[in-house]
Amino acid sequence: MLLPLIEPLLKIALLIGALMTAAAYLVLVERWIAAWVQDRLGPNRVGIPLTKIRLFGLGQPIADGVKFLFKAEFTPAHVDKMLFFVAPLTIFIAAIAAFAVIPFGSVIPADLFPASWGITQPISLVVAPGLDVGIVYVFALGSIAVYGVVLGGWASNNKYSFLGGLRSSAQLISYELPLGLGILGVVLVTGSLRLDAIIQHQAQTGLWNVFTQPLGFVVFCVAAFAEAARLPFDLPEAEQELVGGYHTEYSGIKLMMYMVAEFLHMVTAAFLIVILFLGGWHFWGLSGAGDLITWPVALLRVVVLLAKVMAVILFFMLARWSWPRFRYDQLMGIGWKVMIPWGLVNFVVVATWLEYGGSLTGLLGWSMESSLAIVGVTALLLCWLVITVIDPTAVGNRPRPTKRVGK
Amino acid sequence: MTQDKKKSPEKNVAWVKEPQLGMSGKSYLLLFLQGLTTTLRHLFSRKKTVESPDQRHEIPDSLIYRGVHRLNRDEQGRVKCVACFLCATACPAHCIDIVAAESPWPDREKYPQTFTIDELRCIFCGMCEEACPVDAIELTSLYDLSGKSREEMVFDKEKLLSVYDLTKDQEPPRTKRSGGTTSNPKPPTK
Amino acid sequence: MPTILIDNRELTIPAGQKLNAIEAARMLGIKIPHYCWHPGLSIVGSCRMCLVEIGSRDPKSGKITMQPKLMPACNTLATDNLVVVTDSEKVAHARAMVEEGLLLRHPVDCPICDKAGECKLQDYYFKYGQDERRADIRPFTSRRRDLGDVTLFVDRCVMCSRCVRFANEVSGTSELMITGRGAHEEINVVPGYPLNNKLSGNVVDLCPVGALGDKDFLYKQRVWFLESHPSVCTGCSTGCSIWIEENQDRIYRIKPRQNPFVNQWWICNDGRYDYPHVHDARRVTQPRGSTADWTTLPGQLREALQSAGRLAAVVSPFLSVEEAYLLCKLIRDIDKNAVLALGPVPTVGEDERFPKGFIISAEKCPNRRGVEAVLAYFSGQVTGFEELLSEIDLGQIQGAWVSGGYKADWIGLATAARFQRLKLLVVQDLFPSPLMEIATHALPGAAYAERPGSYVNRNDRLQTAAQAIRPPAGVRTEGSLLWELSCRKGLYSPGAVLTEVAREIGYFSAALGPVPETGVDLKANLLAQASPVQPNQA
């Protein structure tokens, strides 16, 4: 009787614990990558407390966490106390809750467990299995993050924070459109909003969506970077150039909530990229495609998925040091003038090919997916060429010689 | 960057045209790859970090290094400074405070009764060293300067002289300019 | 009117002026370097720095004849048709040679020389000297000699003899002399007869190099750290124009400010060393009374004054005209019949006069005349301090405001005790005194360098002094306090008050408008203006 309750509770506990730990250690990884790219060593001192064992700095996240907890948490006198507290909570909860529908692997069939455990249903490695709205749920929670940002800026009652909040919300809202457009093709091809169904589809065809819809992948990736506020789209903070942004007035645990939420956004984005476009737990010849799941397969699928996610996260971190930040007008230009048209083109191409391409491929004897891949790559190349020629983001904003009046 | 040939109304203002991106630049693809390869190259390159305090930073040339100050002593072990205030004048951070007085020695006219440098205020620009006419103040290669209070970081004359005693063997006084009022080979007849 | 030609520029010298070539060239903005010449002293022409080419122009043909040898400009009168050339190769060479000669035996110990930064030898060498020093002499320490009031650095001397001439001509005491001949010339005094006259400090200012050192200023501060503020000496009623030189609110020295109408180029030692009381540790720096808080104190003071009954004010002769006016007006506004009395006027001995007209007054306060004029305006007469005391003894006065500002004890125990019966006694003074002990409100006062204001000297010349330093923490200047008590808006503006005074009081009418640096003569509207000596610079 309690079993149906125990399973999701256990998963939630595991998930939150894993996410918190992962976020903390990803900070360490981020700092390592940052250091290595800059020819430094990075944090390598903190190990086991009260000993001289350094453990390559693996104790650093714990030290950081303890520091954050014990830091003076200063609430400025002029803030809206209620909203000031609610804002980081909102963004934090939304970031965690999004993981409810994100699968960490495939399923573990019931017959793999001893019969005495009384497990009759296969256990999905996702907190809320079988949620039909799947990806829409993730998007809905992603939109709530905007509230955390804009509320934080507003509640701070500080013009810089407020401007930062506006700046960030404009960016987040702008890039939700290409984010949504990017997955339309995937959903069309799969015919389902469920993330496990999307992985299953890619595993069955063996051709990941990144190959069939490269245009959609590019649009989604760029939008995901912008949504996670990672460089080169980190205008919300832009440490080197602008005042801290919406969380200028925050400190202590509230600031940590913002930081963790930002990291979780990145993790979410990485998971979505992997699941939607990079085949999820599927890898050719490794994790199988069918429903015949043994213990090794079940484990391998988790490992493959997490490895892919880690690779994407590493790419996120490398990207931070590879390309300079876009100007705000460039950011908006890329969002509205490049990514949204590309997303629309991708959607139209996929929809058209699915409707009419079947007969054509049938004549050539190709499979639907491989023909879609050829069309997709062609569409990407053409779109990129068009954008290169038109260069819609270039704007003449340089100062020009002023004309003197009366001369 | 090319100079704009059009004459601008303002004199002394040269208008420079924005550099135009080529096709490869506009496509962003090449720049994208360039950025990524640079990052990757550095990711695996040799690290330059000096793991202080386990390792000590090797100072390539202690003569041109600008670390903690010291007050040099003359041949008789007295402070070489003649309290001319030129270091305090040159100091852009106003961290040097001198109280001058008549010297207790017959061959010297003026000496610093107190000489304090606020090391926290100092920006280690080395101007004091440049300004000193008798090479009394010098910057050593001691770089790890720390203290537990602000007061502790205000170095007085004794402390600055002790820095000299500490470093004189490794870093002999740099230049041998004439020793100001102390090294007159032939004093005028009285 | 003689017309002369300097560096091919014509100059017409106003009639009645007797100028030498240096002064004439200065009128055209041409600087002729000089060490020994000083407008206040006789001409000796010994330094040879002012050598220029001299010639004459034939007024009929316009033909110019130059003399073969260079002549000292200081000793060349600017007569009609004089031709002076200061920018020729020959003159430049002569100057460089003079500089080289002077520096041959100079110790070049500029780093420890107090004159460095305002030294003529430095300035001229930089401007007119050679690029390199040919003589290989290393810097050495100059010999020192105690001359009495000042210290002589023997080897730094360039033998301009300004100090000797000063002692002979201005102070008239002739303590200094030159001993030796040629390269062995030295300044000295006769043993047993040191330089100790009341004007001796001026020789330090006169010295163009660092040879004469002020014992008070020696090694205290480098001159380039000092900031000069024009002020007026409050030592006596002569009211010399002075520069107060300070760094970070600490006065380091006082120098004479040239004023042909008052002190010319000199000040006495009393005035020169009159600043230590400003930084005296015994000074009152915190108000004492019902409350010691400046934010509420003015309001309480006003209430107390209004409810005290019959009032009196003791206006100190150390107050400026503006402060005296504000105080009298404040007290009279509150009580129409208030007694306004002049504070005690300190007098020491007799006036001291010096050969060239310099006077050290016996009256050791700066502004008796100004305060008297203000008092006369308000009460028609000048009430003395003694009269006020007797009125207090009769019990006719309930409250009094006593302004001090005296540099030493000025009120004895017995006199102070006579104020005991007052209901309200406000005392604003520099130093603790018996009167302050019994005051109901004891307020710290500001010293003269801390207050802006105008003073009227013994010859009815009104001069304005700028604020040189900020008063110590806790002290409010008399002017700003009275300004606030008078319920005036904004910050204390002595200029505005002086304009008001000049409009209202006939005596001060000449002070309307901006007061020049040398002050205004308040007798000017009564007497025909005597044509003053043309201002010269040292």
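Residues numbered from 1 in each chain as written. Chains lettered and ligands numbered in written order. Predicted model: local features only at pLDDT ≥ 70, side-chain atom pairs only at ≥ 80, totals over all residues.

Please explain the overall build of chain B as it appears in this structure.
Helix and strand counts for chain B stand at five helices and five strands. Every one of the 190 residues in chain B was classed for burial, and the buried ones make up 25%. Sequence-distant contacts, at least 24 apart, represent 70% of the contacts inside chain B between residues at least 6 apart. (Helix = DSSP H or I, 4+ residues; strand = E, 2+ residues; numbered from the N terminus. Buried ≥ 20, exposed ≤ 12 C-beta atoms within 10 Å, placed from the backbone. Contact = placed C-beta atoms within 7 Å.)

What's the story with the interface of chain B and chain A in this structure? I'm lost.
Interface size is commonly expressed as the accessible surface area that is lost when the partners come together. In this assembly, 18 residues from chain B lie in contact with 17 residues from chain A. Within the residue set of the side of chain B that touches chain A, elements represented by two or more residues are α1 (23–27) and α2 (29–43) of chain B. Here the side of chain B that touches chain A gets seven residues from one element, more than from any other, and that element is α2 of chain B. Grouping the amino acids of the side of chain B that touches chain A by side-chain chemistry returns six nonpolar, eight polar and four charged. (Nonpolar A, V, L, I, M, F, W, Y, C, P; charged D, E, K, R; others polar.)

Can you walk me through the pairing of strand β6 (residues 82–85) of chain C in this structure?
For a regular strand, side-chain orientation follows a simple rule: the groups alternate between the two sheet faces. Residue and element names in this part refer to chain C. Residues L82 and V84 point to one face of β6 and are all buried, whereas V83 and V85, pointing to the other face, are not buried. Sheet analysis places strand β1 (residues 3–6) next to β6, joined by two bridges and oriented parallel. Residue pairing in the sheet places I6 in a bridge with V84 of β6. As defined by bridge partners, strand β3 (residues 51–57) adjoins β6 across four bridges and the pair is classed as antiparallel. Looking at β6, one finds that G55 is bridged to V83. (Pairing = 2+ DSSP bridges.)

So what exactly am I meant to see when it comes to the sheet that holds strand β16 (residues 339–342) of chain C here?
Pairing between the strands of a sheet comes from backbone hydrogen bonds, and it takes one of two forms, parallel or antiparallel. Residues and elements named next belong to chain C. Here we have five strands laid out as an open sheet, ordered β16-β15-β19-β20-β21, and parallel in their pairing. Each end of this open sheet is capped by a strand with a single partner; those strands are β16 and β21 (441–444). Within this sheet the neighbouring strands show an average axis-to-axis angle of 10 degrees, counted without direction. Bridge count for strand β19 (residues 399–403) against strand β20 (residues 424–429) is five bridges, and the pairing is parallel. Pairing of S403 across the sheet is with Q428, part of β20. Sitting on the sheet, helix α7 (residues 297–307) is in contact with β15 (311–315), β19, β20 and β21, with an inclination near 135 degrees to β20. (Axes fitted to C-alpha atoms, helices over the stretch in contact; angles between N-to-C directions.)

I tried to follow the domain arrangement of chain C on my own but got confused; where do I start?
Residue and element names in this part refer to chain C. Assigned domains within chain C: domain 1 (3–87), domain 2 (109–279) and domain 3 (297–528). Taking only C-alpha atoms, the centre of domain 1 and the centre of domain 2 are 28 Å apart. Domain 1 puts eleven residues into the contact, and the matching count from domain 2 is 16 residues. Per-class residue counts for the side of domain 1 that touches domain 2 are seven nonpolar, four polar and no charged. (Domains from an automatic or database assignment.)

Got a minute to help me understand helix α8 (residues 321–334) of chain C in this structure?
Residues and elements named next belong to chain C. With 14 residues, α8 extends 20 Å from end C-alpha to end C-alpha; this agrees with the ideal 20 Å at 1.5 Å per step. Here α8 lies mainly inside the structure; ten of its 14 residues are buried. The set of residues buried in α8 consists of V321, E322, E323, A324, Y325, L326, L327, C328, L330 and I331. (Expected span 1.5 Å × (residues − 1).)

Quick question: what am I supposed to make of the environment of Q200 of chain A here?
Looking at where Q200 of chain A falls in the secondary structure, it is placed in helix α6 (residues 195–205). Separated by 95 residues in the primary sequence, Q200 of chain A and W295 of chain A place their C-alpha atoms 18 Å from one another.

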